[in-house]
Protein chains: 2
Amino acid sequence: MPANRTHPGRYSLKNERPLIMTKPPTRIQKRNQAAILSAGLDIFSQFGFRGSTLDQIADAAGLSKPNLLYYFPSKEAIHAALLARLLETWLDPLKALNGNGDPVKEIMGYAQRKLALSKDYPRESRLFANEILQGAPRIETILHSDLKNLVDEKATVIRSWADAGKIAPVDPYHLIFSIWALTQHYADFDVQVQAVMPGSDPYAGAATYLDHVISRILQP
Amino acid sequence: MPANRTHPGRYSLKNERPLIMTKPPTRIQKRNQAAILSAGLDIFSQFGFRGSTLDQIADAAGLSKPNLLYYFPSKEAIHAALLARLLETWLDPLKALNGNGDPVKEIMGYAQRKLALSKDYPRESRLFANEILQGAPRIETILHSDLKNLVDEKATVIRSWADAGKIAPVDPYHLIFSIWALTQHYADFDVQVQAVMPGSDPYAGAATYLDHVISRILQP
DNA sequence: TCTTGGTTTGACCAGATGGTCAAAACAACG
DNA sequence: CGTTGTTTTGACCATCTGGTCAAACCAAGA
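All values reported here derive from a predicted model rather than from experimental measurement. (Residues numbered from 1 in each chain as written. Chains lettered and ligands numbered in written order. Predicted model: local features only at pLDDT ≥ 70, side-chain atom pairs only at ≥ 80, totals over all residues. Heavy atoms only, no water.)

**Observations concerning the relation of the copies chain B and chain A**
Point 1. Relative to chain A, chain B is turned by 180 degrees and slid 0.0 Å along the rotation axis, the superposed coordinates differing by an RMSD of 0.0 Å. What the rotation and shift describe, once combined, is the action of a two-fold rotation axis. In terms of C-alpha distance to the rotation axis, chain B has Gly51 of chain B as its closest residue, with the C-alpha 2.0 Å off the axis.
Point 2. A symmetric contact is evident, with 98% of the interface residues of chain B recurring at the interface of chain A. (Least-squares fit on C-alpha atoms with pLDDT ≥ 70 in both. Contact = heavy atoms within 4.5 Å.)

Now the structure itself:
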């Protein structure tokens, strides 16, 4: 019987329920898929989708190009898998903002969680930045649905805090934008930050500064 | 006598003194070079250097590819010309920060000038963002020299203001980073901003919010 | 109008790129 | 060890890409 000609694994942005008969991935599949995703993250986050090549990714993963394409059916598929994995975790910090908690604490906590994400997952941050810069062709619908809904929801919460006088009367949307901007900057513009502050770890100072900024912004 | 085989115009990042015998550009040269630079800006700012193709740029400029290469000797040259033009204006707002002026007014003025730049030149902002995201291979030296020197100089000014109690004791480097982040975000992540706040012009709200933020940050 | 020099283009090239395929190599297990 | 399904690869292909070139075209002044 000829070998199975389909590719192992799943890699879609759409919710593809795992088929009942899907075999569990072998040890080798796990290792190589992880290597490919990590390599793809390195390359895509640096050069964007169109600027990256399968050869680069294969090199970085330590595999031959045909072997790459044995695990993922196309360049697109690798990219889609990375974006899917990214989006899963990317919105979590905002989801965790609790409307029943202490306003200032909640918002500062959110900002710090987001900063930690930039520190611990700078490649993911740059992958996302690249995607947005290029017009977000592959995640536009998600931005307009999931992201917008989540932001609308939390903006309502923040606005109610402002109306109740618990925080200063700021525009909640711009507040959220500013937290995104302030935190992602350290990952996305790392080269520039390093050029201006050579040798130092910017994240320590950034955390302190961020605390200062947010608390000042929110003081009623 | 055969036609001049060199390309018209200048397009180097290095300071290339205009040769004495350089002929003034013709009407057609001016028009086409401008069209190419504008088209290049459109394409490069969206796809980055490696993700952009000469065909795309030629199409956008309404020229054939060989005609493109009659005006600029290579893809690199177009990109370099754009970066050079960009860097000229990009540092101006910070240069204009006056150490003898009123601290809060100066810093708020700087932030507003930077925001205006994002609003009026979003493509330039994205070109820069793309370059930084990709590791700034073509402007690294400038970041380490011109940019760093300028930031160091202004950071000293800001620190002296803080030491004199005229503004809150903030880290001047992170203050500058935060101004960059807050203002560039609206140009670089425009798609995301538009997805979350559809239809509205974010810059009006951004200017108000920015004023609020900066004044709060700096209150002694 | 003719000449001259700037401008535009079709045809072309070498190398890169995404992707395919059949066959070989290998791991696992009875 | 032999069988079976998984993994890996060399060779290959069509298309794209940056760039070249000689020839054709055109604008403008003498």
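**Some details on the protein's contact with DNA strand C**
Point 1. Of all residues adjacent to DNA strand C, which total 23 residues, the nearest are Arg27 and Leu54 of chain A together with Thr26, Gln29 and Tyr71 of chain B.
Point 2. The sugar and phosphate moieties of DNA strand C supply 63% of its atoms located within 4 Å of the protein.
Point 3. In the environment of DNA strand C, a phosphate oxygen lies 3.2 Å from a nitrogen or oxygen atom belonging to the side chain of Ser64 of chain B.
Point 4. Between a sugar or linking oxygen of DNA strand C and a side-chain N or O atom of Asn67 of chain B, the distance comes to 3.2 Å.
Point 5. Listed by contribution, the elements that provide at least two residues to the surface near DNA strand C are helix H3 (65-71) of chain A together with helix H1 (27-51) and helix H3 (65-71) of chain B.
Point 6. Looking at the surface near DNA strand C residue by residue, the class counts come to nine nonpolar, nine polar and five charged. (Near = heavy atom within 4 Å. Polar contact = N/O pair within 3.5 Å; in protein donor to acceptor, adjacent residues only side chain to side chain. Helix = DSSP H or I, 4+ residues; strand = E, 2+ residues; numbered from the N terminus. Nonpolar A, V, L, I, M, F, W, Y, C, P; charged D, E, K, R; others polar.)

**Thoughts on the side chain of Ser52 of chain B**
All names here are of chain B.
Point 1. If you trace the backbone, Ser52 turns up in the loop between H1 and helix H2 (54-61).
Point 2. Residue class for Ser52 comes out buried when judged on its relative accessible area of 1%.
Point 3. Among the polar contacts listed, one links the side chain of Ser52 to the backbone oxygen of Ile43, at a separation of 3.4 Å.
Point 4. Beyond its immediate sequence surroundings of up to four residues, Ser52 is in contact with Ile43, Phe44, Phe47 and Lys75. (Buried < 20%, exposed > 50% of the residue type's maximum accessible area, 1.4 Å probe, protein only.)

**Some thoughts on the interface of chain B and chain A**
Point 1. Opposite the 56 residues of chain B that make contact, chain A presents 55 residues.
Point 2. For the chain B and chain A pair, buried surface summed over both sides reaches about 4,900 Å², with 68% attributable to carbon and sulfur atoms.
Point 3. Contact with chain A buries surface across chain B, with Leu133, His174 and Tyr209 of chain B losing the most and accounting together for 15% of the total.
Point 4. Run the count over chain B and chain A and you get zero salt bridges.
Point 5. Run the count over chain B and chain A and you get 13 residue pairs in polar contact (both at pLDDT 80 or more).
Point 6. With twelve residues, helix H9 (residues 172-188) of chain B is the largest single contributor of residues to the side of chain B that touches chain A.
Point 7. Among the residues making up the side of chain B that touches chain A, the classes are represented as 32 nonpolar, 17 polar and seven charged. (Buried area = accessible area lost by both parts, 1.4 Å probe. Salt bridge = Lys/Arg side-chain N within 4 Å of Asp/Glu carboxyl O.)

**A look at the packing of aromatic side chains**
Point 1. Throughout the structure, instances matching the rule amount to twelve aromatic pairs over all chains.
Point 2. Residues Phe44 of chain A and Phe49 of chain A carry aromatic rings whose centres are separated by 5.7 Å and whose planes lie at 15 degrees to one another, so their mutual orientation is stacked.
Point 3. You can call Phe44 of chain A buried: its relative accessible area is 0%.
Point 4. Ring plane angle 40 degrees and centroid distance 6.3 Å describe the contact between Trp90 of chain A and Phe128 of chain A, whose orientation is recorded as tilted. In this pair, Trp90 of chain A sits in helix H4 (residues 75-90) while Phe128 of chain A sits in helix H7 (residues 122-133), placing the two residues 38 residues apart along the sequence.
Point 5. Through pairs of rings, three or more aromatic residues link up here, namely Phe177 and Trp180 of chain A together with Tyr186 and Tyr203 of chain B. (Phe/Tyr/Trp six-rings, centres within 6.5 Å; stacked < 30°, edge-to-face > 60°.)

**Considerations on the packing of helix H6 (residues 103-120) of chain A against helix H11 (residues 202-218) of chain A**
All names here are of chain A.
Point 1. At a closest axis distance of 10 Å, the pairing of H6 and H11 adopts a crossing angle of 155 degrees. In terms of orientation, H6 and H11 fall into the roughly antiparallel class. For the element pair H6 and H11, the recorded crossing hand is right-handed. Facing H6, whose interface residues are Val104, Ile107, Met108, Ala111, Gln112, Leu115, Ser118 and Lys119, H11 presents Tyr203, Ala206, Ala207, Leu210, Asp211, Ile214, Ser215 and Leu218. (Axes fitted to C-alpha atoms, helices over the stretch in contact; angles between N-to-C directions. Parallel < 35°, antiparallel > 145°, perpendicular 65-115°, else oblique. Left-handed = near helix turned anticlockwise from the far one by under 90°.)

**Digging into the pattern of salt bridges**
Point 1. Tallied over the entire structure, the rule returns twelve salt bridges over all chains.
Point 2. A salt bridge links Glu153 of chain A to Lys154 of chain A, with the nearest nitrogen and oxygen atoms 3.6 Å apart.
Point 3. Among the ionic pairs, Arg85 of chain B bridges to Glu124 of chain B, the shortest N-O distance being 3.9 Å. Of this pair, Arg85 of chain B sits in helix H4 (residues 75-90) while Glu124 of chain B sits in helix H7 (residues 122-133); the two residues are 39 residues apart in sequence, bridging distant segments of the chain.

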